[in-house]
Amino acid sequence: MPAYAIAHLQEAAPHPEIAEYIERITATFEPHGGRFLVHALPHEEKEGSWPGHVVVIGFPGMDEARAWWDSPAYQEIAPLRSRHIAGDIILVPGVPDDYDPAATAQAMREAMSAQ
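Quick caveat, the model's predicted, so the values are computed rather than measured.

Thoughts on the overall build of the protein chain
Right, so step 1: Counting its regular elements, the protein chain contains four helices and four strands.
Right, so step 2: Listed N to C, the secondary structure of the protein chain is β-α-β-β-α-α-β-α in terms of helices and strands.
Right, so step 3: Its C-alpha radius of gyration of 17 Å places the protein chain more than 25% over the 13 Å reference for a compact globule of 115 residues.
Right, so step 4: For the protein chain, the spread of C-alpha atoms along the three principal axes comes to 55 × 35 × 25 Å.
Right, so step 5: Residue burial in the protein chain is summarised as follows: out of 115 residues, 27% are buried.
Right, so step 6: Contacts spanning at least 24 positions in sequence make up 74% of the contacts within the protein chain whose residues lie at least 6 apart.
Right, so step 7: Accessible area of the protein chain: about 7,700 Å², with a carbon and sulfur share of 57%.
Right, so step 8: Here the protein chain contributes 7 positive and 17 negative side-chain charges, whose respective centroids are spaced 2 Å apart.

Written as structure tokens, this is what we have:
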């Protein structure tokens, strides 16, 4: 099941360390099967406020996403970004191909009726 690293990064002034981070990051996730799905592209806000940029990196699974995040290669370059860009980053599993949201709704209804 695929997994994703999702970052919501705030606006930042250009800095040489950020450029270096961007130049080097792909080499840190490719060995773990990662690839950019979204990288700081313009987005449309439909509800609420979402200032800054969105980054999504896809991985074959959570094990690979965690291995990338914890890797010495990524941890070496992470400060190049974090010193200059505030943000939130999560790792999240995707849903299986046969995912049915109606089953989630049914489980919610059952839990509410049990109260």
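Quick word on the environment of Ala86
Right, so step 1: On the secondary structure map, Ala86 appears in the loop between helix 3 (72-82) and strand 4 (87-93).
Right, so step 2: The spatial distance from the C-alpha of Ala86 to the C-alpha of His8 is 8.7 Å, given a sequence separation of 78 residues.
Right, so step 3: Leaving out residues up to four positions away in the same chain, Ala86 has contacts with His8, Leu9 and Gln10.

Quick look at the layout of surface pockets
Right, so step 1: Estimated volume of the largest pocket: approximately 370 Å³.
Right, so step 2: Elements with a minimum of two residues in the lining of the largest pocket: strand 1 (3-9), helix 1 (16-29), strand 2 (35-39), strand 3 (53-59) and helix 3.
Right, so step 3: Looking at side-chain class alone, the lining of the largest pocket contains 19 nonpolar, three polar and two charged residues.

Notes on the side chain of Ser71
Right, so step 1: Relative to the assigned elements, Ser71 resides in the loop between helix 2 (62-70) and helix 3.
Right, so step 2: A relative accessible area of 8% places Ser71 in the buried class.

Rules used throughout
Residues numbered from 1 in each chain as written. Predicted model: local features only at pLDDT ≥ 70, side-chain atom pairs only at ≥ 80, totals over all residues. Heavy atoms only, no water. Helix = DSSP H or I, 4+ residues; strand = E, 2+ residues; numbered from the N terminus. Rg over C-alpha atoms; globule rule 2.2 N^0.38 Å. Buried < 20%, exposed > 50% of the residue type's maximum accessible area, 1.4 Å probe, protein only. Contact = heavy atoms within 4.5 Å. Areas by Shrake-Rupley, 256 points an atom, 1.4 Å probe, with all protein chains shown as cover. Lys, Arg positive; Asp, Glu negative; His and termini not counted. Charge placed at Lys NZ, Arg CZ, Asp CG, Glu CD. 1 Å grid on protein atoms, 1.4 Å probe; cavity = no way out; pocket = protein on both sides within 12 Å on 5 of 7 lines; lining within 4 Å. Points joined across faces, edges and corners; volume = space filled by probe spheres on them. Nonpolar A, V, L, I, M, F, W, Y, C, P; charged D, E, K, R; others polar.

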